[in-house]
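# Residue-level structural notes
This is what each chain is made of:
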Amino acid sequence: MITLKNIKANHEKITCMAYVEDCHTPISLCFDWQKKKMESYQLPDGYAWCASHIRHAEKYFCTAEISNLPQERTIMWY
């Protein structure tokens, strides 16, 4: 699970604060809209295994419409 908060977008970038699993430390994310790619980010200590969580956020941003993004989104998978 990953929770994206304070989602903001313009024609170039989508930015947000992300919270993975049970971690209370936010991760600053920036998605490059034209490259369809997440820019570099730093996972909190002990959460290196959550890189796959960031890929779920990246997939979400690839398919999202900038004009219709919510301010907050939780993504879960099985």
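Structural notes, computed from the coordinates. All of these numbers come straight from a predicted model, not from anything done at the bench.

### Comments concerning the overall build of the protein
A count of helical and extended segments in the protein gives one helix and five strands. The linear arrangement of helices and strands in the protein, starting from the amino end, is β-β-β-β-α-β. In terms of overall dimensions, the protein is globule-like: its C-alpha atoms have a radius of gyration of 12 Å, near the 12 Å expected for 78 residues. C-alpha extents for the protein along the principal axes are approximately 35 × 20 × 20 Å. When contacts within the protein are restricted to residue pairs at least 6 apart in sequence, long-range pairs at least 24 apart make up 42% of them. Carbon and sulfur atoms provide 48% of the accessible area of the protein, an area that totals close to 5200 Å². Taken together, the 9 basic and 9 acidic charged side chains of the protein have centroids lying 4 Å from each other.

### Describing the pairing of strand β1 (residues 2-9)
Two strands pair when backbone bridges link them, and β1 and strand β2 (residues 13-20) are joined in this way by six bridges, in the antiparallel orientation. Bridge pairing in β2 places T3 opposite Y19. Where β1 folds back onto β2 in an antiparallel hairpin, the turn is made up of three residues. Across four bridges, β1 lies against strand β5 (residues 72-75) in antiparallel orientation. Considered in β5, the bridge of L4 is made with R73.

### A closer look at the environment of F61
Among the structural elements, F61 can be located in helix α1 (residues 51-63). Taking the relative accessible area as the measure of exposure, F61 reaches 0% and is therefore buried. F61 sits 47 residues away from I14 along the chain, and the two C-alpha atoms are 7.8 Å apart. Excluding residues that lie within four positions of it along the chain, F61 makes contacts with L4, I7, I14, C16, F31, W33 and M38.

Conventions used here
- Residues numbered from 1 in each chain as written.
- Predicted model: local features only at pLDDT ≥ 70, side-chain atom pairs only at ≥ 80, totals over all residues.
- Heavy atoms only, no water.
- Helix = DSSP H or I, 4+ residues; strand = E, 2+ residues; numbered from the N terminus.
- Rg over C-alpha atoms; globule rule 2.2 N^0.38 Å.
- Contact = heavy atoms within 4.5 Å.
- Areas by Shrake-Rupley, 256 points an atom, 1.4 Å probe, with all protein chains shown as cover.
- Lys, Arg positive; Asp, Glu negative; His and termini not counted.
- Charge placed at Lys NZ, Arg CZ, Asp CG, Glu CD.
- Pairing = 2+ DSSP bridges.
- Buried < 20%, exposed > 50% of the residue type's maximum accessible area, 1.4 Å probe, protein only.

Keep in mind these numbers describe shape, not what the thing actually does.
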